[in-house]
Amino acid sequence: MGKLKERIQAFVNNRWLVFVAAIWIQSCAGIGYLFGSLSPVIKRSLNYNQRQLSKLGVAKDLGDSVGFLAGSLSEILPLWGALLVGALQNFIGYGWVWLIVTGRAPVLPLWAMCILIFVGNNGETYFNTAALVSCVQNFPKSRGPVVGILKGFAGLSGAILTQIYTMINFPDQAALIFMVAVGPAMVVVALMFIIRPVGGHRQVRPSDGLSFTFIYSVCLLLAAYLMGVMLLEDLVDVSHTLIIIFTVILFLLLVVPVVIPVKLSFSDEPKDLAVEEVLLPKPEQQEAGKSEQDEVIFSEVEDEKPKEVDLLPASERHKRIAQLQAKLCQAAAEGAVRVKRRRGPHRGEDFTLMQALIKADLWLIFFSLLLGSGSGLTVIDNLGQMSQSLGYDNTHIFVSMISIWNFLGRVGGGYFSEIIVRDYAYPRPIAMAVSQLVMAVGHVFFAMGWPGAMYIGTLLIGLGYGAHWAIVPAAASELFGLKKFGALYNFLTLANPAGSLIFSGVIASSIYDREAEKQAHQHHIPPQISGSIFSGMFAVDEPLKCEGSICFFLTSMIMSGFCIIAGVLSLILVYRTKTVYSNIYGKSRT
């Protein structure tokens with residue numbers, strides 16, 4: 001009986017259980033991706049026009065990305081407390097919207113509806129922050145795969161929730177809003193006490209490689225399965241019984257990863273874990289016990305070492321640095337060298353947000369992310385109009401496809417960037433530069449409007465956009481530490497709505513309206529609404545439609561150029577951080 005209790009305790013405290021619970025939370029955390037399904041019933045029930053609906057879309061994007069409060073609370077409250085706050089926000093925001101849409105509460109002005117959408121969607125920033133903070137701390141040597149998988153499931157959650165809604169088959173379409181308000185909140189409350197940093201066995205274990213391979217296999221199988229199910233349900237009239245079977249299989253695929261913590265806890269001897277708990281604090285204590293003098297000496301080495309040292313092989317480089325550090329230590333002890341005192345942490349150490357804000361590296365990441373992910377989000381938000389302008393009647397297929405490619409981009413971005421840093425000790429941002437160049441090519445396909453361009457463009461943009469959200473959080477944690485990771489991550493996410501506001505709210509909409517008015521004049525149709533951002537907020541006329549590749553040609557070419565600039569910024573960051581990554585990962589290779 002005592003042995004069983006010991007194994008159950010090992011299971012509860014297993015970091016893989018925390019990771020699997022975080023996957024389940026992320027599977028219902030991407031509420032913003034469902035806005036395209038929620039907006040038609042809101043528009044119809046409240047008699048909104050397209051421009052009014054776009055204001056709600058902006059509020060949704062801001063709610064997705066403004067996570068300062070979530071980052072701050074994750075440092076003050078226990079993670080279960082931050083998750084509870086997010087669940088309450090999600091429930092109150094979307095619950096109130098559901099009451100208004102169904103006539104159970106009085107209709108509010110547009111600005112108040114924007115606040116409700118913002119509050120409801122902002123709940124997912126708490127889910128993302130708690131999941132990432134706990135798992136990155138539990139798997140500090142596997143940040144790429146962990147971030148990629150978690151962000152991937154967040155991107156796939158829209159398709160998962162849609163499939164569940166299809167199975168329930170509510171006659172009232174407003175019930176989807178109710179499900180969005182209640183479903184994620186219930187899942188988070190049920191799992192919130194599992195999500196936490198687990199002390200005692202954070203180092204790399206021999207079983208980690210096989211476990212991550214198993215998780216990746218489940219991810220690929222899930223993506224292929226959802227793609228097949230969505231295509232089948234979209235193209236064929238499927239019976240409700242078959243839809244229920246599809247959804248049950250989906251649940252089974254989501255539950256399968258729990259096999260890992262079960263196997264590790266009930267097949268291994270609990271003593272092994274106990275040994276790890278004893279062994280781990282020793283190197284940590286040694287690191288923590290380093291004197292300030294030793295840390296300062298290390299920073300002096302960075303200033304004194306010749307530049308050609310960085311070009312040497314890893315083993316020789318570390319040998320030369322160790323010799324230089326020993327000389328500096330001896331010289332400092334004899335008083336021959338006066339060691340400078342540091343004013344703040346160096347890259348690779350723990351930064352606060354304010355300390356990171358004065359570093360060029362953070363702003364390189366931010367603006368590279370703004371240009372890269374901002375252009376990707378613009379495509380996602382305008383995919384319906386882009387496909388219609390090129391003559392496609394069924395726009396849902398592209399929305400579903402980009403969701404799957406987004407998921408695979410996040411999972412793949414984490415996987416391949418981890419190979420880059422783990423096997424070659426090369427800076428992770430090089431993977432971001434590659435993804436941005438891939439997106440630049442995707443935008444060119446959209447601009448040209450060639451036959452099949454929508455399929456290829458959707459593939460390239462989805463993969464590139466998704467990769468950003470696996471690479472950036474992992475790179476930020478490596479350069480600025482884990483201590484204030486929540487605040488740093490939520491600052492960087494501000495790049496997403498900022499880019500969307502510039503590209504979609506200003507550039508894409510203005511160019512689209514101008515081309516639509518030109519076509520209206522050519523066909524002698526009086527233009528309805530001017531291209532001003534704020535004009536027509538309360539108008540009831542629909543904006544004119546634009547047809548042909550010309551509608552998004554200039555926008556796509558501009559965004560392609562910005563993606564190239566983003567790639568250049570990422571390459572500058574690669575050049576600046578070579579030494580940091582060599583110090584972090586080069587030692588593990590030698």
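Per an unreviewed UniProt entry, the protein chain goes by the name Nodulin-like domain-containing protein and belongs to Gossypium trilobum. In UniProt, the protein chain has this text filed under Subcellular location (unreviewed entry): "Membrane".

## Topic: helix α21 (residues 453–480)
Here α21 is 28 residues long and its end C-alpha atoms lie 40 Å apart, about the 40 Å a rise of 1.5 Å per residue gives. Of all 28 residues making up α21, 24 are buried, and the element is well covered by its neighbours. At the C-terminal side of α21, glycine 481 shows a positive phi close to 85 degrees.

## Structural notes on the nonpolar core
With 154 residues, the main nonpolar core has Phe19, Ile42, Leu56, Ile149, Leu150, Ile177 and Leu492 as its most contacted residues. With 13 residues, helix α7 (residues 110–138) is the single largest residue contributor to this core. Two domains each put at least three residues into this core: domain 1 (1–200) and domain 2 (351–523 + 544–585). Setting aside chain neighbours within four positions, we find isoleucine 177 in contact with Leu38, Val41, Ile42, Tyr94, Val97, Trp98 and Val101.

## Structural notes on the pattern of salt bridges
Scanning the model with the defined rule gives 7 salt bridges in all. Across the salt bridge formed by glutamate 418 and arginine 428, the nearest N and O atoms sit 3.0 Å from each other. Residue glutamate 418 is located in helix α19 (residues 396–424), and its partner arginine 428 is located in the loop between α19 and α20 (429–448); the two are separated by 10 residues in the primary sequence. Salt bridges linked by common partners bring Glu418, Arg422, Arg428 and Glu478 together as one network.

## A short note on the environment of phenylalanine 251
Summarising the element assignment, phenylalanine 251 is placed in helix α11 (residues 240–255). Given the relative accessible area of 38%, phenylalanine 251 is considered partly exposed. The spatial distance from the C-alpha of phenylalanine 251 to the C-alpha of isoleucine 160 is 9.3 Å, given a sequence separation of 91 residues.

## Thoughts on the packing of aromatic side chains
Under the criterion given, the structure shown has 22 aromatic pairs. Ring plane angle 25 degrees and centroid distance 6.1 Å describe the contact between phenylalanine 485 and tyrosine 489, whose orientation is recorded as stacked. Of this pair, phenylalanine 485 and tyrosine 489 both sit in helix α22 (residues 485–492), 4 residues apart, roughly one helical turn. Tyrosine 489 shares its class with phenylalanine 485; the two are buried. Members of the aromatic cluster, joined through ring pairs, are Trp16, Phe19, Phe139 and Phe212.

The rules behind these values
- For every chain, the first residue of the written sequence is number 1, and numbering continues from 1 onward in sequence order.
- Thresholds applied to this predicted model are a pLDDT of at least 70 for local features of residues and 80 or more for the giving and counting of side-chain atom pairs; totals over whole chains, interfaces and linings are not thresholded and use all residues.
- Based on all heavy atoms of the structure, the side-chain values leave hydrogens and waters out of the count.
- UniProt positions are given in the numbering used here, feature names are shortened, and annotations may be inferred rather than shown by experiment.
- Secondary structure elements follow DSSP: runs of H or I no shorter than four residues count as helices, runs of E no shorter than two count as strands, and numbering proceeds from the N terminus.
- Here a helix's expected span is defined as the number of its residues, less one, multiplied by 1.5 Å.
- Partly exposed describes any residue whose relative accessible area lies between the buried limit of under 20% and the exposed limit of over 50%, with all areas from a 1.4 Å probe on protein chains only and scaled to the type maximum.
- Here, the term nonpolar core denotes a set of buried Ala, Val, Leu, Ile, Met, Phe, Trp, Tyr and Cys residues that are joined through side-chain atoms within 4.5 Å.
- Boundaries of every domain are those given by an automatic assignment or by a domain database.
- For this analysis, residues touch if any pair of their heavy atoms sits within 4.5 Å.
- The salt bridge criterion pairs a side-chain nitrogen of Lys or Arg with a carboxyl oxygen of Asp or Glu, the two atoms within 4 Å.
- In summary, the pairing rule links any two rings of Phe, Tyr or Trp, Trp by its six-membered ring, whose centres are within 6.5 Å, and it sorts them by plane angle into stacked for under 30 degrees, edge-to-face for over 60 and tilted for everything else.

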